[in-house]
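# Secondary and tertiary structure notes
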Amino acid sequence: LLSKVSLFKKRVFDIALGSILLFLSLPFMAVISVLIFVDSKGKIFFKQERMGINDSRFKMVKFRTMHYDAEKRLAAILKSNVELKKEYEIYHKLKDDPRLTRVGKFLRKYSLDELPQFWNVIKGDMSLIGPRAYIPWEKIKMSGHDETILKVKPGISGLWQVTDRNKSSFEERNLMDIYYIRNWSMFLDIYI
């Protein structure tokens, strides 16, 4: 995927398919927006800084799936529960996250919280398929893998999301992202 020709082909594919998917998902996004508004206090969309191609920064847009005070809740949970702290350190997420709202649990289960990211694809921040969109503070934990991973755009979905999801450690995710980059083909993207 590191060749310019491959990156160009991938960008054309992303714009064409991303535009269609964004248009088709608009009615679903309208319904989801209403459900989030009714279910819990806070904004409908969640924006978070992520690392993009060549270590650039961009705001990734998702539907909000957590309570408005999720960061405070996470700090309290990790401080009071050693097992959950250990789980978070390994996976950088919690399997049964108590910060999720009722609607948020449903959205996460079916990855519907990712639908607004089609806009990130059209803008050129992301790709439909690619490595995980890592948070800047995670760079220090990437053990040098960032040198390869950050040479391509992150994806809405990717190899580790469709194979291991919550079962792989942070290190294993990095290795799957590198495998994807080194073995990329248009067929692999379509398959994922």
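Scroll up to find the structure.
Just so you know, these numbers come straight off a predicted model, no measurement behind them. (Residues numbered from 1 in each chain as written. Predicted model: local features only at pLDDT ≥ 70, side-chain atom pairs only at ≥ 80, totals over all residues. Heavy atoms only, no water.)

### A short note on the overall build of the chain
Helices and strands together make up the secondary structure of the chain, namely nine helices and four strands. Listing the helices and strands of the chain from first to last along the sequence gives α-β-β-α-α-α-α-β-α-β-α-α-α. The C-alpha atoms of the chain give a radius of gyration of 17 Å, which matches the 16 Å a tight globule of 192 residues would have. Taken across its 192 residues, the chain has 46% of its residues classed as buried. Across the chain, every contact between residues at least 6 apart in sequence was considered, and the portion connecting residues at least 24 apart equals 71%. For the chain, the computed accessible surface area is about 11100 Å², with 63% contributed by carbon and sulfur atoms. The average position of the 34 basic charges and that of the 22 acidic charges among the side chains of the chain differ by 4 Å. (Helix = DSSP H or I, 4+ residues; strand = E, 2+ residues; numbered from the N terminus. Rg over C-alpha atoms; globule rule 2.2 N^0.38 Å. Buried < 20%, exposed > 50% of the residue type's maximum accessible area, 1.4 Å probe, protein only. Contact = heavy atoms within 4.5 Å. Areas by Shrake-Rupley, 256 points an atom, 1.4 Å probe, with all protein chains shown as cover. Lys, Arg positive; Asp, Glu negative; His and termini not counted. Charge placed at Lys NZ, Arg CZ, Asp CG, Glu CD.)

### Focus on helix H3 (residues 82-91)
Backbone nitrogen of Glu-83 and a side-chain oxygen of the N-cap are separated by 3.0 Å at the start of H3; the cap is Asn-81. Of the residues flanking the end of H3, it is His-92, one or two places downstream, whose phi is positive at about 60°. (Polar contact = N/O pair within 3.5 Å; in protein donor to acceptor, adjacent residues only side chain to side chain.)

### Looking at the packing of aromatic side chains
The final tally for this structure, using the stated rule, is four aromatic pairs. Judged by centre distance (5.3 Å) and plane angle (20°), the ring pair of Phe-45 and Phe-63 falls under stacked. With Phe-45 in strand E1 (residues 45-51) and Phe-63 in strand E2 (residues 57-63), this residue pair connects regions lying 18 residues apart in the sequence. With centroids separated by 6.4 Å and ring planes inclined at 25°, the aromatic side chains of Phe-187 and Tyr-191 adopt a geometry described as stacked. (Phe/Tyr/Trp six-rings, centres within 6.5 Å; stacked < 30°, edge-to-face > 60°.)

### Regarding the nonpolar core
Generally speaking, nonpolar side chains in soluble globular proteins are found buried as a group. Phe-63, Met-126 and Tyr-180 are the most contacted members of the largest nonpolar core, which has 32 residues in total. Of all the secondary-structure elements, those providing two or more residues to this core are helix H1 (4-39), E2, helix H4 (102-109), helix H5 (117-123), strand E3 (127-129) and helix H8 (170-182). Excluding its chain neighbours within four sequence positions, the residues that come into contact with Phe-63 are Met-29, Ile-32, Ser-33, Ile-36, Ile-44, Phe-45, Phe-46, Leu-107, Leu-112, Asp-113, Leu-115 and Pro-116. Counting residues in each nonpolar core, the second largest holds five residues, with Leu-74, Ile-77, Leu-78 and Tyr-88 among its members. (Core = buried A, V, L, I, M, F, W, Y, C linked by side-chain atoms within 4.5 Å.)

### Overview of the side chain of Thr-101
Relative to the helices and strands, Thr-101 is located in the loop between H3 and H4. Residue classification places Thr-101 among the buried residues on the basis of a relative accessible area of 4%. Non-local contacts of Thr-101, meaning those with residues more than four positions away in its chain, are made with Asp-39, Ser-40, Arg-64, Thr-65, Met-66 and His-67.

### Thoughts on the pairing of E1
Bridge count for E1 against E2 is seven bridges, and the pairing is antiparallel. Across the sheet, the residue bridging to Phe-46 is Lys-62, located in E2. Between E1 and E2, which pair antiparallel in sequence order, lie five residues; one of them, Asn-54, sits at a positive phi of approximately 55°. (Pairing = 2+ DSSP bridges.)

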